[in-house]
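Single-letter residue listing:
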Amino acid sequence: MNFYRRLPRPVRDLIVFNSFIFMMQFILNYGLKQNFVIRSNALLAANTGILIVYLLKYRIEKVRAEERAKKQKNK
């Protein structure tokens, strides 16, 4: 479990997200006998979207930190 906690936050979130999707696919296919198939390009698009959100959040935090540093410097 220590290995999991050392992973970066986006990687952990992708692992949890993909695990949830595959678990739901298993439950629907074998438990409820529904034909549910996740296409690889749809899963890749969802993972890419999650990573884009993390990159945007990271950039916003960097810009805010630079603005705070600039404001502190001017005081």
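A. Just the pattern of salt bridges, in detail. Scanning all chains against the criterion turns up one salt bridge. Taking the shortest distance from any N to any O, the salt bridge between Asp13 and Arg9 comes out at 3.6 Å. Taken together, the positions of Asp13 and Arg9, both in helix α2 (residues 9-31) and four residues apart, correspond to about one turn of that helix. Take Arg9: its relative accessible area is 48%, and that puts it in the partly exposed class.

B. Representation of the side chain of Asn18. Along the chain, Asn18 falls in helix α2. You can call Asn18 buried: its relative accessible area is 16%. For Asn18, the residues in contact, after removing those within four places along its chain, are Leu43 and Asn47.

Criteria and thresholds
- Residues numbered from 1 in each chain as written.
- Predicted model: local features only at pLDDT ≥ 70, side-chain atom pairs only at ≥ 80, totals over all residues.
- Heavy atoms only, no water.
- Salt bridge = Lys/Arg side-chain N within 4 Å of Asp/Glu carboxyl O.
- Helix = DSSP H or I, 4+ residues; strand = E, 2+ residues; numbered from the N terminus.
- Buried < 20%, exposed > 50% of the residue type's maximum accessible area, 1.4 Å probe, protein only.
- Contact = heavy atoms within 4.5 Å.

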